[in-house]
Amino acid sequence: VLALDDAQEVLSSQRLDTPQRGESHSGQLAYVIYTSGSTGEPKGVLNEHRAVVNRLCWAEQAYGIGKGERILQKTPFGFDVSVWEFFLPLITGARLVMAKPGGHQDPVYLTKLIEDEQITLLHFVPSMLPAFLSQADEDNSRSLRCVLCSGEALSGALVRDFSRCLPQVQLHNLYGPTEAAIDVTAWRCEPGRYGDVVPIGKPIANTRMYILDGHLAPVPVGVTGELYIGGVQVARGYLNQPELTAERFVTDPFATSADARMYRTGDVGRWLSDGNIEYLGRNDFQVK
């Protein structure tokens, strides 16, 4: 129930002039988004404007996003993939098409929406991709030119299935934790290039990837180590959890800036001979 008399009284007391704002800068907080961890306890990640803008500007250039694109927004906003789905079309002049609530779980609906709205780019977590491929074909996906995958490991078998079903569409495998503004590595999938291995690719713009041993020393090519992330996309830390922040966000000894930090992911991987990274799983019991 809305009491209009009360509402009018409140509105009449509001200031009509523009409030003064402090100086804006790229290090200000853009959003707090929650992610689980090895204990299952949610923790709020503090991501700054420069981190998000870097990810968006990189994608604009990497995928050639412009006014002719139609990008589908279907990820619930509790997940950080939604951040680029919302803002990438808005900063590039592309069309933003929003799926209905719950539509991301309905492959029949999504396939029809892609056909009706002439979607050119969208995202799937790998576990949802087979359901989409069961409905998609070259006829009802003619407009589609690029599919991005992240959030889970992408298998070689699924890459081959995608290539057979939609040979005209590019498939890209991306990797990144919530603690580093969505994605930090990317690879355009080439079926069979590495056998059944699907790399997570190379670092994106203004991002550094390290694979280190237990002494924080870089490991040689082909040797397994823990993935660390450096560069502009590293988050500020966790909301109201200084001890956990100090544990996971550590000094970057490889950077020229004295205050540079890197994020310890808990993920395991190794360098391939061409500079791409192979993801090998977790070093703890965290469910991904």
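A. Layout of empty space enclosed by the protein. Under the definition given, this model contains one cavity of 30 Å³ or more. For the largest cavity, the calculated volume is near 40 Å³. Considering the residues around the largest cavity, the lining is formed by Gly156, Val159, Arg160, Trp187, Glu190, Pro191, Gly192, Gly195, Val197 and Val198. In terms of residues, the lining of the largest cavity owes the most to one element, helix 6 (residues 156-165), which gives three residues. Each residue belonging to the lining of the largest cavity can be placed in one class, and the counts come to five nonpolar, three polar and two charged.

B. Local environment of the layout of surface pockets. Its boundaries defined by the atoms lining it, the second largest pocket holds a volume of some 300 Å³. The wall of the second largest pocket is formed by Glu48, Arg50, Arg208, Gly231, Val232, Val234, Ala235, Arg236, Ser257, Asp259, Ala260 and Arg261. In terms of residue class, the lining of the second largest pocket is built from four nonpolar, two polar and six charged.

C. Structural view of the packing of aromatic side chains. Within the structure shown, the criterion is met by seven aromatic pairs. Through pairs of rings, three or more aromatic residues link up here, namely Tyr238, Phe249 and Tyr263. Sitting over the ring of Phe124, Lys74 keeps its end group 4.3 Å from the ring centre. The positively charged end of Lys100 is found above the aromatic ring belonging to Tyr109, 4.6 Å away from the centroid.

D. Looking closely at the nonpolar core. Grouped together as the largest cluster of nonpolar side chains are 29 residues, with contacts concentrated most on Phe124, Leu129, Phe132 and Leu171. Breaking this core down by element, the ones donating at least two residues are helix 4 (107-117), strand 5 (121-124), helix 5 (129-133), strand 6 (146-149) and helix 6. Setting aside anything within four residues of it in sequence, one finds Phe124 in contact with Lys74, Leu110, Leu129, Phe132, Val147, Leu148, Cys149 and Ser150. Tyr31, Ile33, Leu148 and Ile182 belong to the second-largest nonpolar core, a separate cluster that totals 21 residues.

E. Expanded view of the pairing of strand 11 (residues 225-231). Counting buried positions over the seven residues of strand 11 gives six, a clear majority of the element. Strand direction decides the pairing type here: strand 10 (residues 207-212) and strand 11, joined by six bridges, are antiparallel. Along strand 11, the bridge assignment pairs Met209 with Ile229. Direction of pairing for strand 11 relative to strand 14 (residues 261-271): antiparallel, over a ladder of five bridges. Residue pairing for strand 14: Tyr228 is matched across the bridge by Arg264.

F. Quick peek at unusual backbone geometry. A positive phi angle is found at Asn206, which is not glycine, with a value near 60°. Here Asn206 lies in the loop between strand 9 (202-203) and strand 10. The exposed category is assigned to Asn206, whose relative accessible area is 54%. The backbone of Leu216 sits at a positive phi, close to 65°, despite the residue not being glycine. Its place among the elements puts Leu216 in the loop between strand 10 and strand 11.

G. The pattern of salt bridges, seen in detail. Scanning all chains against the criterion turns up 15 salt bridges. Here Glu226 ties to Arg264 by a salt bridge, and the two come within 3.1 Å at their closest N and O atoms. With a gap of 38 residues between them, Glu226 in strand 11 and Arg264 in strand 14 connect regions that are remote in the sequence. The exposure class assigned to Glu226 is buried, which follows from its relative accessible area of 9%. Arg264 sits in the partly exposed class, given a relative accessible area of 32%. Each of Glu48, Arg50 and Arg236 takes part in salt bridges that share partners, so that together they form one network.

The rules behind each value
- Residues numbered from 1 in each chain as written.
- Predicted model: local features only at pLDDT ≥ 70, side-chain atom pairs only at ≥ 80, totals over all residues.
- Heavy atoms only, no water.
- 1 Å grid on protein atoms, 1.4 Å probe; cavity = no way out; pocket = protein on both sides within 12 Å on 5 of 7 lines; lining within 4 Å.
- Points joined across faces, edges and corners; volume = space filled by probe spheres on them.
- Helix = DSSP H or I, 4+ residues; strand = E, 2+ residues; numbered from the N terminus.
- Nonpolar A, V, L, I, M, F, W, Y, C, P; charged D, E, K, R; others polar.
- Phe/Tyr/Trp six-rings, centres within 6.5 Å; stacked < 30°, edge-to-face > 60°.
- Lys NZ or Arg CZ within 6 Å of the ring centre and 35° of its normal.
- Core = buried A, V, L, I, M, F, W, Y, C linked by side-chain atoms within 4.5 Å.
- Buried < 20%, exposed > 50% of the residue type's maximum accessible area, 1.4 Å probe, protein only.
- Contact = heavy atoms within 4.5 Å.
- Pairing = 2+ DSSP bridges.
- Salt bridge = Lys/Arg side-chain N within 4 Å of Asp/Glu carboxyl O.

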